Amino acid sequence: MNLLFDQNISFRIVSKIASNFPTAKQVRQLGIENFSDLEIWQYAKQNNFNIVTFDADFFDISNLKGHPPKIIWLRFGNTKTDFLADIINSKNSIIKDFINSSEYSEVSCLEIK
């Protein structure tokens, strides 16, 4: 299960969640930080990533194009990386279920508030 953090989330998040999400990446690490949202969505789809974002545009794209990739939409606004890592780590079982469980196979977006 690969998480891809968009450009509005610091690349430093990756090391802070590595124990729960060891394959997570941030767009800067992949050299795609200047891609459009649609290009990032396409990259995620082609490379088996699930997008983590503050950006509603990814939710809109998933409504138009479906999934994968699945979207984890952070609905509490920009915040410090340590706080965000704490939230991601504390919600790791919910995130993993959302991505992997057949129970959520028809759901394209998980909102975390």
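Parameters at a glance
Residues numbered from 1 in each chain as written. Predicted model: local features only at pLDDT ≥ 70, side-chain atom pairs only at ≥ 80, totals over all residues. Heavy atoms only, no water. Salt bridge = Lys/Arg side-chain N within 4 Å of Asp/Glu carboxyl O. Helix = DSSP H or I, 4+ residues; strand = E, 2+ residues; numbered from the N terminus. Buried < 20%, exposed > 50% of the residue type's maximum accessible area, 1.4 Å probe, protein only. Core = buried A, V, L, I, M, F, W, Y, C linked by side-chain atoms within 4.5 Å. Contact = heavy atoms within 4.5 Å. Polar contact = N/O pair within 3.5 Å; in protein donor to acceptor, adjacent residues only side chain to side chain. Pairing = 2+ DSSP bridges. Axes fitted to C-alpha atoms, helices over the stretch in contact; angles between N-to-C directions. Right-handed = clockwise from strand over helix to strand, strands pointing away.

On to the pattern of salt bridges, then. Here the structure, examined in full by the defined rule, presents two salt bridges. In this structure, D82 and K16 form a salt bridge, with 2.8 Å as the shortest nitrogen-oxygen distance. One end of the pair, D82, is in helix 4 (residues 81–90); the other, K16, is in helix 1 (residues 13–16), with 66 residues separating them in the sequence. R75 serves as the salt-bridge partner of E111, at 2.6 Å between the closest nitrogen and oxygen.

Here H67 and P68 are connected by a cis peptide whose omega angle stands at 10°. The residue after P68, namely P69, is reached through a cis peptide bond having omega 0°. Of note, P69 is situated in the loop between helix 3 (56–65) and strand 4 (71–74). Unusually for a residue other than glycine, N48 sits at a positive phi of about 60°. Tracing the backbone shows N48 in the loop between helix 2 (37–46) and strand 3 (49–53). Exposure remark for N48: the relative accessible area of 57% places this residue in the exposed category.

On to the nonpolar core. Core analysis: the largest hydrophobic core is formed by 21 residues, its most contacted members being L3, F5, I17, I72, L74, I88 and I95. Of all elements in the fold, only strand 1 (2–5), helix 1, strand 4, helix 4, helix 5 (92–100) and strand 5 (109–112) reach the threshold of two or more residues within this core. Sort the elements by how many residues they give to this core and helix 4 lands first, with four residues. With sequence-adjacent residues up to four places away left out, F5 is seen in contact with I13, I17, A24, K25, Q26, V27, V52 and I88. With 13 residues, the next largest nonpolar core counts I40, I61, I71 and W73 among its residues.

Moving on, we come to the side chain of N2. Within the element layout of this structure, N2 appears in strand 1. Among the polar contacts made by the side chain of N2, one reaches the main-chain carbonyl oxygen of N48 at a distance of 3.0 Å. Setting aside chain neighbours within four positions, we find N2 in contact with T23, N47, N48, F49 and N50.

What follows is about the sheet that holds strand 2 (residues 25–26). Backbone-to-backbone hydrogen bonds pair the strands of a sheet. The strands run either parallel or antiparallel. Strand order in this open sheet of five strands is 2-1-3-4-5, and the pairing throughout is parallel. Either end of the sheet is taken by a strand with one partner, and the two such strands are strand 2 and strand 5. Its contacts with the sheet place helix 3 against strand 3, strand 4 and strand 5, and it is angled at close to 150° to strand 4. Its contacts with the sheet place helix 5 against strand 1, strand 3, strand 4 and strand 5, and it is angled at close to 165° to strand 5.

Below, the discussion takes up the pairing of strand 4. Neither face of strand 4 is left uncovered, since the one carrying I71 and W73 and the one carrying I72 and L74 both have all their residues buried. The pairing of strand 3 with strand 4 spans three bridges and is parallel. When the bridges of strand 4 are listed, I51 appears paired with I71. With helix 3 bridging strand 3 and its parallel neighbour strand 4, the resulting β-α-β unit is right-handed.

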